[in-house]
Amino acid sequence: MQTKRREWMIGVIVCSLLVALPGSLLAAQAPEGEGAGGPAKPVKPAPPKDPVAVLKAIPASATAFVAVRNIAEVDYDVADVLAKLELPLDQLGFPGLITILKEQVGIEEGLEVNSGAAVVLLDCTEVKTLDDVDKRAVILVPTDKPEALVKALGGGEKEGDAYKLTLGSEPAIATEKDGFLVIASAEATDAIKEVVQVKEGIDKAMAPDRLKAYGDADIFAWASMRRISKELRAEPIKTLKGMMMAGSPEAKPEEVDASLAEINKFLDELKEVSLSLTLDARIGLKGTFWYQAMPDSDIAKRLAAVKPGDGSLLVGLPDEPMIAAAGWLNTMREEDVRKTVDQFLKPEILGGDVDEEQIKTVKDSLVKLATSFEQAAVSVTGLPSESEDGLIGLTAVAKVANSQQTQAEIRKLFTTVKDTLVKTALNNGSLTEEESKTVTEAIQLKENAEKLTGAAVDHFVVDLAKIPDVEEEQLEQIKSVIGQEGIVIRIASIGERNVAITFGGGARRFAQVVEMVQKNQAPLAERKAIKMVANRLPGTKRIGEGYLSVDRLLATVMDVFAKTGQMMPFPLNMRETAPLSVMASQIDPTTAEVNVLVPIELAQSTAEMVKPMMMMFMGGMGEPGATMPEEEEETEETAPPNTPGVR
């Protein structure tokens, strides 16, 4: 019975996706009179009579739901984005989602597309096992002709108050309520009754800002963590424990239990969570994860301790063509960092030849450095290909409690790590005495190696010429990418509260970073690429922000290939565009959200880049439905000489 129930649940979810998501395209059929010049521009549907109708049908006591806010609008957004990207999907033989829906589900009528649809998990505070979850799950499908929709889903005439269906090879039942077909497992009659009899919908239980978020989204998921029983939550935790033990046989049971306890604690402290996806031809695809913690929880205390700002967190990062950049406020606590460091630097991972006292010193330094800063920013940027300072620039800037102490701790960490690695290699025979001396000479920390803009700069140097087995030709290729001065990482304390680290660009670039830190400037935030997405992401109460420029990444890859004299297997020509973006914000002292944006400009640039390859593929394949050349040759060789129609 357990297997059957899970199969039914899979069938329910699959059917709900087929009905709610692809079915949305029933509203986007091209209007009559479409010319040969291409598909007509999608027509935006009229507003629904009740924008929150599906929320009103979900009981206020529900544990969770996943809803398509409006099927017709989702369809419009998908069609509008595809039209903007101008991808030749029809030439590739893609039949369209309408055709897929009709072939797979067979819905000809009965689906009301100008409304929402949802998969709902009812109140699970008393549910003890996963086997009973399917008895609390229902699907809400909007319908203007219930009988026709039931027939399309394999049902028959109504028997009493309900229809009988077969979904996923398992029996199901359905009934009508306020313009929705409510579908559930045949064993979930109580769930059906609960939905039908409910007087107050989930719209009355959701916070006002969640209702607004729902109104802006295409797909919206919400869950109340307080309505999931501890017994129910324990089952997937047990499964996770088994997976962790199987994946890491060397892990001790108490370590796994400690990790699971942290997960349980995190879940205990959450009050509500939501996830939304919004597709728009003007902004792109935006995903938002939102959570609210219990007022007295550790999560809430950490959030309350953070003092988010309204300005950019990219302070000190140079104004250069960005590959990736991020800035964030520190929310890490010493005990959490120590647990993580202990987990990664365990004796069984490091091996028995490592000096325990030295590892303890390394751990202490890592903990101090990870918890000493208040705010940090890092960037990876592309440098001019004609420069001798390399193709890639790395920058890290941190605001700390005491810059001199932080720089001293970095020096201590470098020295300890270097000594530990060399000593361990000697003990296990990986290095001879002579080789260890060579490595020691090649890798050095030169304190106060230069003075730039009033800052005493340390150099972390790796002399590649002294590294064994590095040939002259290889050395030149490496330097053409990283710069002629080789591997030189500059580190300096700036004033009383800041530390800066750079690689690439030489002394001149480091001096620019020092000047920006001293002036508390964030010129990278003013670059065109970041400004393109600025109004699509929260501008206040930032905890963290990050950007990835795919166009600059591809351009840098091509520059590296050109500098090293290698051939690209295929071109990666993408025009300058907006970056993939992430923004974490504090809504209030107990609430935070994370927004991820794939901008429409990035999608367009990607489509432009892949179109030539798609056209080449289609050129080799012929028209949709055409026979592949290999098949034609085989047909010609094996067909009888006088067969009509064969050349």
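Residues numbered from 1 in each chain as written. Predicted model: local features only at pLDDT ≥ 70, side-chain atom pairs only at ≥ 80, totals over all residues. Heavy atoms only, no water.

Peer 1: So what about unusual backbone geometry? Which residues, and what values?
Peer 2: One non-glycine residue with positive phi stands out, namely Asn448, at about 50°. Secondary-structure assignment places Asn448 in strand 13 (residues 443-452). For Thr453, which is not glycine, the phi dihedral falls at a positive 50°. For Thr453, the position within the fold is in the loop between strand 13 and strand 14 (455-462). (Helix = DSSP H or I, 4+ residues; strand = E, 2+ residues; numbered from the N terminus.)

Peer 1: Please set out the pairing of strand 4 (residues 163-167) residue by residue, giving values where relevant.
Peer 2: Alternating positions in strand 4 separate cleanly, Tyr163, Leu165 and Leu167 being buried on one face and Lys164 and Thr166 remaining unburied on the opposite face. Alignment of strand 4 against strand 5 (residues 170-177), held across 5 bridges, turns out to be antiparallel. Following the sheet pairing, Leu165 is matched in strand 5 by Ala172. (Buried < 20%, exposed > 50% of the residue type's maximum accessible area, 1.4 Å probe, protein only. Pairing = 2+ DSSP bridges.)

Peer 1: Kindly report on the packing of aromatic side chains, identifying the contributing residues and their values.
Peer 2: Under the counting rule described, the total for this entry stands at 6 aromatic pairs. Judged by centre distance (5.9 Å) and plane angle (25°), the rings of Phe65 and Trp222 are stacked. Taken together, the positions of Phe65 in strand 1 (residues 64-68) and Trp222 in strand 7 (residues 219-224) put the pair 157 residues apart, joining distant regions of the chain. Every member of this aromatic cluster is reached through a ring pair, and the members are Phe65, Tyr214, Phe220 and Trp222. (Phe/Tyr/Trp six-rings, centres within 6.5 Å; stacked < 30°, edge-to-face > 60°.)

Peer 1: Explain the environment of Leu554 to me, and be specific about the residues and the numbers.
Peer 2: Here Leu554 lies in helix 19 (residues 550-563). A relative accessible area of 13% places Leu554 in the buried class. Counting along the chain gives 18 residues from Leu554 to Leu572, while the straight-line C-alpha distance between them is 6.0 Å. Setting aside its immediate chain neighbours within four residues, Leu554 contacts Leu572, Met574 and Met609. (Contact = heavy atoms within 4.5 Å.)

Peer 1: Give me helix 11 (residues 334-344): which residues, what numbers.
Peer 2: Listing the buried residues of helix 11 in full gives Asp336, Val337 and Val341. Down the axis, helix 11 shows its buried residues gathered within 130° of arc, on one side only. Check the buried side of helix 11 and you find it contacts helix 10 (298-305) and helix 13 (356-372). (Arc of directions from axis to C-beta.)

Peer 1: Would you mind going over a nonpolar patch on the surface in detail, with residue names and values included?
Peer 2: Together, Leu277, Leu285 and Val598 make up an exposed nonpolar region whose accessible area comes to about 210 Å². Tracing the backbone shows Leu277 in strand 8 (residues 270-280). Residue Leu277 is classed as partly exposed on the basis of its relative accessible area of 37%. (Patch = residues over 30% accessible without salt bridge, like charges linked within 9 Å, V, L, I, M, F, W, Y side chains within 5 Å. Areas by Shrake-Rupley, 256 points an atom, 1.4 Å probe, with all protein chains shown as cover. Salt bridge = Lys/Arg side-chain N within 4 Å of Asp/Glu carboxyl O.)

Peer 1: I'd like a rundown of the packing of helix 14 (residues 403-427) against helix 15 (residues 433-442), residues and numbers included.
Peer 2: Relative to each other, helix 14 and helix 15 sit at 165°, their axes nearing to 10 Å. By the angle between their directions, the pair helix 14 and helix 15 is classed as roughly antiparallel. Judged by the sense of rotation from one axis to the other, the crossing of helix 14 with helix 15 is right-handed. Contact with helix 14, carried on its side by Lys418, Val422 and Leu426, involves Glu433, Ser436, Val439 and Thr440 of helix 15 and no other residues of that element. Taken together, the residues of the contact of helix 14 with helix 15 break down into 3 nonpolar, 2 polar and 2 charged. (Axes fitted to C-alpha atoms, helices over the stretch in contact; angles between N-to-C directions. Parallel < 35°, antiparallel > 145°, perpendicular 65-115°, else oblique. Left-handed = near helix turned anticlockwise from the far one by under 90°. Nonpolar A, V, L, I, M, F, W, Y, C, P; charged D, E, K, R; others polar.)

Peer 1: Go over the pattern of salt bridges, please, and point to the residues and values.
Peer 2: Side chains that differ in charge, positive against negative, can pair when their charged atoms come close. Under the counting rule described, the total for this entry stands at 38 salt bridges. Between Glu526 and Lys531 there is a salt bridge, and its shortest N-O distance comes to 3.5 Å. The partner of Arg536 in a salt bridge is Glu601, with the nearest N and O atoms 2.6 Å apart. Residue Arg536 is located in the loop between helix 18 (528-533) and strand 17 (542-548), and its partner Glu601 is located in helix 20 (residues 600-621); the two are separated by 65 residues in the primary sequence. By the burial criterion, Arg536 is buried, and Glu601 matches it. Where salt bridges share partners, they join Lys265, Glu269, Asp298, Arg302, Arg333, Glu335 and Asp336 into one cluster.

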